[in-house]
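# Residue-level structure breakdown
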Amino acid sequence: MRSKSRTILYSGLLSGTLDILAAILIYAVVLHKTTAVKILQSIASGIFKQDAYAGGSQMAFYGLLLHYSIALIFAYFYFKAYPYFPFLQKSFLLSGFLYGLFVWIVMNLIVLPIVFPKLPPKQFDFPLLLSILILIFCIGLPIAFVTKKFYNKHS
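## Focus on the side chain of S11
Within the element layout of this structure, S11 appears in helix 1 (residues 4-30). Judged by relative accessible area, S11 falls into the buried class, the value being 1%. S11 has contacts with A75, I143 and V146, leaving out every residue within four places of it along the chain.

What follows is the structure in C-alpha cells.
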C-alpha cells in the first residue's frame with residue numbers, strides 16, 4: 001500500500017467483504033437460518049428499525065453500506081492505534097486475534113445494546129463462539145495483517 005488512506009480503505013473493504021461473506025455463507029447457505037437480504041436488512045435496521053425489513057433490496061443495499069462503514073471505522077481505529085501500542089506490532093496473529101475479540105466486545109456489548117435495547121441475554125454457546133471466530137478471522141486478522149504490512153514497509 002502506498003498511502004495511509006489506501007491502506008485503511010483496503011483493510012476496511014477486505015475485512016468488510018470477508019465478514020459479510022462469512023455471515024451469508026454460514027447463516028444463509030450452510031445453516032439455512034436466514035437469507036442474505038435479511039442479514040443486510042438487519043444491519044440496516046440499526047438505523048431504520050423495523051422499516052428496514054419492508055424496504056426490500058434498497059434496505060439491503062443500505063445495510064451493506066452501513067456494514068462497510070463500520071468495517072472502515074474499525075480499520076481506521078486499528079491503523080491509528082497501531083504505532084502507539086507496541087504489543088500490536090509484535091505479532092499480527094496475536095494482535096489480530098485480540099482485535100477481533102475487541103470488535104466483538106464493542107459491537108455486542110456496547111453498540112448493539114444501545115441500538116437494540118431489548119436484545120436477549122448472551123449465553124456461551126456455539127452461535128456466540130461462531131460470531132467471535134468470524135470477527136477474529138474476518139475482521140481482526142485481515143486488518144492487523146494489512147496494517148502491519150504498511151508499517152513494516154514505511155518504517
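## With respect to unusual backbone geometry
Of note, the phi angle at H32 is positive, near 55°, even though the residue is not glycine. Position of H32 among the secondary structure elements: in the loop between helix 1 and helix 2 (36-48). Using a relative accessible area of 63% as the deciding quantity, one classes H32 as exposed. Despite not being glycine, K49 shows a phi value in the positive range, around 55°.

## What to know about the layout of surface pockets
Over the atoms rolls a probe the size of a water molecule, and its path tells where empty space is left. Taken as a whole, the largest pocket holds about 1500 Å³ of empty space. Forming the walls of the largest pocket are 41 residues, and the residues nearest its centre are Y27, S42, N108, L112 and S131. Sorting elements by how many residues they give to the lining of the largest pocket places helix 6 (residues 126-153) first, with eight residues. Of the residues assigned to the lining of the largest pocket, the class counts are 28 nonpolar, eight polar and five charged.

## Focus on the packing of aromatic side chains
A full pass over the atoms with the stated rule returns 13 aromatic pairs. Judged by centre distance (4.9 Å) and plane angle (15°), the rings of Y82 and Y151 are stacked. Of the two residues, Y82 sits in the loop between helix 3 (56-81) and helix 4 (86-90) while Y151 sits in helix 6, which places them 69 residues apart along the sequence. Through successive ring pairs, a cluster of aromatic residues spans F74, F77, Y78, F79, Y82, Y99, F102, F150 and Y151. K49 extends its terminal NZ or CZ atom over the ring of F116, reaching a point 5.5 Å from the ring centre.

Procedures and definitions
- Residues numbered from 1 in each chain as written.
- Predicted model: local features only at pLDDT ≥ 70, side-chain atom pairs only at ≥ 80, totals over all residues.
- Heavy atoms only, no water.
- Helix = DSSP H or I, 4+ residues; strand = E, 2+ residues; numbered from the N terminus.
- Buried < 20%, exposed > 50% of the residue type's maximum accessible area, 1.4 Å probe, protein only.
- Contact = heavy atoms within 4.5 Å.
- 1 Å grid on protein atoms, 1.4 Å probe; cavity = no way out; pocket = protein on both sides within 12 Å on 5 of 7 lines; lining within 4 Å.
- Points joined across faces, edges and corners; volume = space filled by probe spheres on them.
- Nonpolar A, V, L, I, M, F, W, Y, C, P; charged D, E, K, R; others polar.
- Phe/Tyr/Trp six-rings, centres within 6.5 Å; stacked < 30°, edge-to-face > 60°.
- Lys NZ or Arg CZ within 6 Å of the ring centre and 35° of its normal.

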